[in-house]
Each structure stands twice: as C-alpha cells, then as structure tokens.
Amino acid sequence: VQLQASGGGLVQAGGSLRLSCAASGRTFSSYAMGWFRQAPGKEREFVAAISWSGGSTSYADSVKGRFTISRDNAKNTVALQMNSLKPEDTAVYYCAAKVGLGYSVASYPHWGQGTQVTVSS
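Because the structure is a prediction, the values reported are computed rather than measured. (Residues numbered from 1 in each chain as written. Predicted model: local features only at pLDDT ≥ 70, side-chain atom pairs only at ≥ 80, totals over all residues. Heavy atoms only, no water.)

**Some details on the pairing of strand β4 (residues 32-38)**
And step 1. Of all the seven residues making up β4, six are buried; the element is thus mostly covered by neighbouring parts of the structure.
And step 2. Taken together, the five bridges between β4 and strand β5 (residues 45-50) define a ladder with antiparallel strand orientation. Looking at β5, one finds that Gly34 is bridged to Ala49.
And step 3. Hairpin connection, β4 to β5: the antiparallel pair is bridged by six residues, and Gly41 has positive phi, about 75°. (Buried < 20%, exposed > 50% of the residue type's maximum accessible area, 1.4 Å probe, protein only. Helix = DSSP H or I, 4+ residues; strand = E, 2+ residues; numbered from the N terminus. Pairing = 2+ DSSP bridges.)

In structure tokens form, the structure reads like this:
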C-alpha cells in the first residue's frame, strides 16, 4: 500500500487542522492505520491508531481528548482531526499502515512521506 499525507500547515495555538492520508491499493480496508509525528531532534512517536474496521482507536496521552482519528474505507482515506493545538504539537506528521492495531514505529512497514504541522504561540 502507498500512502500520501496532506493537510499540514501553520496554525496558532488553540486552532485546528485536519490531516488526511490517501492510500492506494485494493487492500486498504485490511490495514490498521496510524499517525505518528517527529519533532526536530526527537524520535518519531505514536499519535493515534485505528483498526481496519474503524471500531477500535487508540491515542497517545498527550493528544487524548484533542485529536480524533477516523477512516473511510470506501475512499481509502484516514484522517486526523486536531483541535486545541499546542506549540508542542509542532512536528512532521506521518501516516502509516500495518496489519493489526499497533503503537510502535517499528511495527509499521508502510509509511507516507509526512506533512509539516507548525503551531505558533
């Protein structure tokens, strides 16, 4: 599966952004999808994940209650709605795919190219 993330940009603290990830391939619905982020000088970290059906989701504690992950298997897309953004959310955001829900970077074999999110204070 090939992934293309989009929707990043510059936003003020407290604002919102919606990231989207478009997937190619007929097997999208068989993959769990995840969002990860990497800030300058830091390791890539888990943000959110959603099961193949959309029935299960998981979030990092740092974004719980502010971010929402969703998917549309008919359109081969997964989205990350980010509200109440903070300067510490600034990072390059990546979407990723794997079989089975997971949270570790190493467990995801398929990655998109990343989209920059910058939150100004």
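**Digging into the sheet that holds strand β3 (residues 17-24)**
In a beta sheet, neighbouring strands are held together by backbone hydrogen bonds and run either parallel or antiparallel to one another.
And step 1. Taken in spatial order, the four strands line up as β1-β3-β8-β7 in an open sheet, and their pairing is antiparallel. The sheet terminates laterally at β1 (2-6) and β7 (67-72), the two strands that pair on one side only. Averaged over all pairs of adjacent strands, the angle between strand axes in this sheet comes to 15°, irrespective of strand direction.
And step 2. Across five bridges, β1 lies against β3 in antiparallel orientation. (Axes fitted to C-alpha atoms, helices over the stretch in contact; angles between N-to-C directions.)

**Overview of the packing of aromatic side chains**
And step 1. Tallied over the entire structure, the rule returns six aromatic pairs.
And step 2. Where Phe36 meets Phe46, the ring centres are 5.8 Å apart and the plane angle is 75°; that geometry is what we call edge-to-face. On the criterion of sequence distance, the pair formed by Phe36 in strand β4 and Phe46 in strand β5 is long-range, its members being 10 residues apart. There is no split in this pair, since Phe36 and Phe46 are both buried. (Phe/Tyr/Trp six-rings, centres within 6.5 Å; stacked < 30°, edge-to-face > 60°.)

**Overview of the state of the cysteines**
And step 1. As enumerated under the stated definition, the model contains one disulfide in all.
And step 2. Here Cys21 engages in a disulfide with Cys95; their sulfurs sit 2.1 Å apart. Since a negative S-S torsion denotes a left-handed disulfide, the Cys21-Cys95 link at about 60° is right-handed. Of the two residues, Cys21 sits in strand β3 while Cys95 sits in strand β9 (residues 91-98), which places them 74 residues apart along the sequence.
And step 3. Since its relative accessible area comes to 0%, Cys21 is described here as buried. (Disulfide = S-S within 2.5 Å.)

**So, the nonpolar core**
Looking at soluble globular proteins, one finds that nonpolar side chains tend to be buried together.
And step 1. The biggest cluster of nonpolar side chains holds 35 residues, and the ones touching the most others in it are Met33, Trp35, Leu80, Met82 and Tyr93.
And step 2. Put simply, the parts of the chain that give this core at least two residues each are β1, β3, β4, β5, β7, β8 (77-82), β9 and β11 (115-120). (Core = buried A, V, L, I, M, F, W, Y, C linked by side-chain atoms within 4.5 Å.)

**Topic: the pattern of salt bridges**
And step 1. A full pass over the atoms with the stated rule returns four salt bridges.
And step 2. With its nearest N and O atoms 3.1 Å apart, the salt bridge here joins Lys64 to Asp61.
And step 3. Residue Arg66 pairs with Asp89 through a salt bridge whose shortest N-O separation is 2.8 Å. Residue Arg66 is found in the loop between β6 (57-59) and β7, and its partner Asp89 is found in the loop between β8 and β9; the two are separated by 23 residues along the sequence. Judged on exposure class, the residue Arg66 and its partner Asp89 are both buried.
And step 4. It is possible to trace a salt-bridge network through shared partners that takes in Arg37, Glu45, Arg66 and Asp89. (Salt bridge = Lys/Arg side-chain N within 4 Å of Asp/Glu carboxyl O.)

**Examining the environment of Phe28**
And step 1. Residue position: Phe28 is located in the loop between β3 and β4.
And step 2. Taking relative accessible area as the criterion, Phe28 reaches 1% and is therefore assigned buried.
And step 3. Through-space distance from the C-alpha of Phe28 to that of Pro40 is 30 Å; in sequence the pair is 12 residues apart.

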